[in-house]
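# Structural description and commentary
Now for the letters of each chain:
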Amino acid sequence: MNMKYITSGLFAAMIVCSTAFLISCADDLEVGKNIDESAYSGIYENYAYLRDGKSNLVSKVVELHGETYATTVKMGLSKTPNTATSAKVKIDAAYLETYNKAHNTDFALYPQDLVTFANEGILTVNANTKSAEVEMTIRAGEGLQEDKTYAIPVAISDQSSDITIKDEDAKHCIYLVKDMRNAGDTYKGEDAVKGYLFFEVNGVNPLNTLSFQLENGKLIWDVIVLFAANINYDAEAGRPRVQCNPNVQYLLDNNETLLQPLRKRGVKVLLGLLGNHDITGLAQLSNQGAKDFAREVAQYCKAYNLDGVNYDDEYSKSPDLSNPSLTTPSTAAAARLCYETKLAMPDKLVTVFAYGQMYGVATVDGVDASEWIDVAVPNYGYSAHPVGNMTKKQCAGIAMEFHLGIGGDLSPSTAHSLINDGYGWYMGFAPSPGKYSSIFRRLTGAETLYGSQIKQPTIFYKKDDPTPYKYPDDLPKK
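Residues numbered from 1 in each chain as written. Predicted model: local features only at pLDDT ≥ 70, side-chain atom pairs only at ≥ 80, totals over all residues. Heavy atoms only, no water.

### Here's the deal with the pattern of salt bridges
One side chain can pair with another of opposite charge once the charged atoms of both are near each other. All told, the structure shown has 15 salt bridges when counted by the stated rule. E296 is the salt-bridge partner of R239, the closest N and O atoms lying 3.1 Å from each other. A residue pair is termed long-range when its members are at least 10 positions apart, and R239 in strand 15 (residues 239-243) and E296 in helix 7 (residues 287-303) qualify at 57 residues. The exposure class of R239 is partly exposed, given its relative accessible area of 34%. According to the relative accessible area criterion, E296 is buried, its value standing at 15%. A salt bridge links K463 to D464, with the shortest nitrogen-to-oxygen separation between them at 2.9 Å. Of the residues examined, K463 reaches a relative accessible area of 33% and is grouped as partly exposed. Three or more residues are tied together by salt bridges with common partners; here these are E67, D179 and R181. (Salt bridge = Lys/Arg side-chain N within 4 Å of Asp/Glu carboxyl O. Helix = DSSP H or I, 4+ residues; strand = E, 2+ residues; numbered from the N terminus. Buried < 20%, exposed > 50% of the residue type's maximum accessible area, 1.4 Å probe, protein only.)

### Some thoughts on the pairing of strand 15
Covered by surrounding structure in strand 15 are P240 and V242 only, the residues R239, R241 and Q243 on the alternate face being uncovered. Here five bridges tie strand 14 (residues 221-234) to strand 15, and the two strands are oriented antiparallel to one another. Across the sheet, N232 pairs through a bridge with R241, a residue of strand 15. With antiparallel pairing between neighbouring strands as the criterion, strand 14 and strand 15 make up a hairpin whose turn holds four residues, including G238 at a positive phi of roughly 70°. (Pairing = 2+ DSSP bridges.)

### A look at the environment of Y382
As for its position among the elements, Y382 is in the loop between strand 21 (375-377) and strand 22 (396-401). Sequence separation of Y382 and G407 is 25 residues, and the distance between their C-alpha atoms is 7.6 Å. Excluding anything up to four places from it in sequence, Y382 contacts G397, I398 and A399. (Contact = heavy atoms within 4.5 Å.)

### Focus: the packing of aromatic side chains
This structure, assessed with the given rule, holds 18 aromatic pairs. Relative to F402, the ring of W221 lies with its centre 6.3 Å away and its plane at 70°, an arrangement referred to as edge-to-face. Here the residue W221 occupies a position in strand 14, and F402 occupies one in the loop between strand 22 and helix 9 (412-421), the gap between them amounting to 181 residues. Assigned by exposure class, W221 and F402 land together as buried. (Phe/Tyr/Trp six-rings, centres within 6.5 Å; stacked < 30°, edge-to-face > 60°.)

Below, the structure written as structure tokens:
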């Protein structure tokens, strides 16, 4: 091989290319032309944003189970400052009107004298860091109404000149506070693994939640789902809507006797929604369709005093793509629905069954999934995984199907794994009093989680009947 020839040829080619480049630049150069510098605007700014320090959420729901709740407020910066810089945080009462208008809510301002910031709210970001936190304490007080959501809008103020606030959203974080001091029968500690239970309400009374109790009196199921209402197409209105079968509707119409007794003891009651064999589906709504449906779901939760929703993407047919409310099925469309639902009811739970297209997208409009999905539960025998900035605290690490007896057990070893792996939830589906004997044998790991054995059942409830019956004496005879 003639290396000298190759080298000489390469050198000649470089001269030709360089000459062509210079000629091209000379042809394009316009002396005196103004340069558009908009692309470079903000590159020297140091933008600040506000979050809850514990959860890293912009909107944090706080339940007061004791007389005080402590957290931190965190200010983050887009880049490390050259020298130490500072700001303060304070309650911005005037912002609540803006927030309520944006979310179509009517949250009341939490009493400001019950909220204190350490160090007068001053945050100092050192030169070698990009964030700082200050302790915030929320105290309970007389006059707080149960089953009411209060808001604490916190804002950045008095920032140093080298800190830039991009917009109102970055400037604020909000705490949505509920007084749960008299509804603590499910509260087993702030970091305790929680129980999430689906009730097949076509045959079983959700009051049977009360059968599942620890020896110390605490209930093991923190959240239950009424499984299930549906999404269907309303041809007359020309849009998707919530459709309740007679069993679901009966529970909603009689919620004071069949649902509210659970909520008064701290159990969250969610409306389950899934497809119902037509052109609509939870993962095939257009952006506007998702917004409209989310608003209807929020109205259901408000009207019937429920705590949120579970979305399950099953049993839907192909959408009519000429319909402006519908789109091609995708995880992006499902994520949009969750996002819009959280916007419509920020103090409620938005949860998903990680199946079909319902789960998997990390951001919507630049907002992370951790802000609009509270809990993800898996199919039987599996574990849910976090997306975006979610953590396993927002996921169920086990899913048990009680009717068929599949999906593993909440055994002591499984309970240890949930704790060690950082999962926040375990899930059960379709319990019925007739199967209590086998179901309770699958829940012995409750003692590992809570330090108290699960108590054998002594009561049960018949369908649509608020009367407690003796277990097993009053069970129907086979």
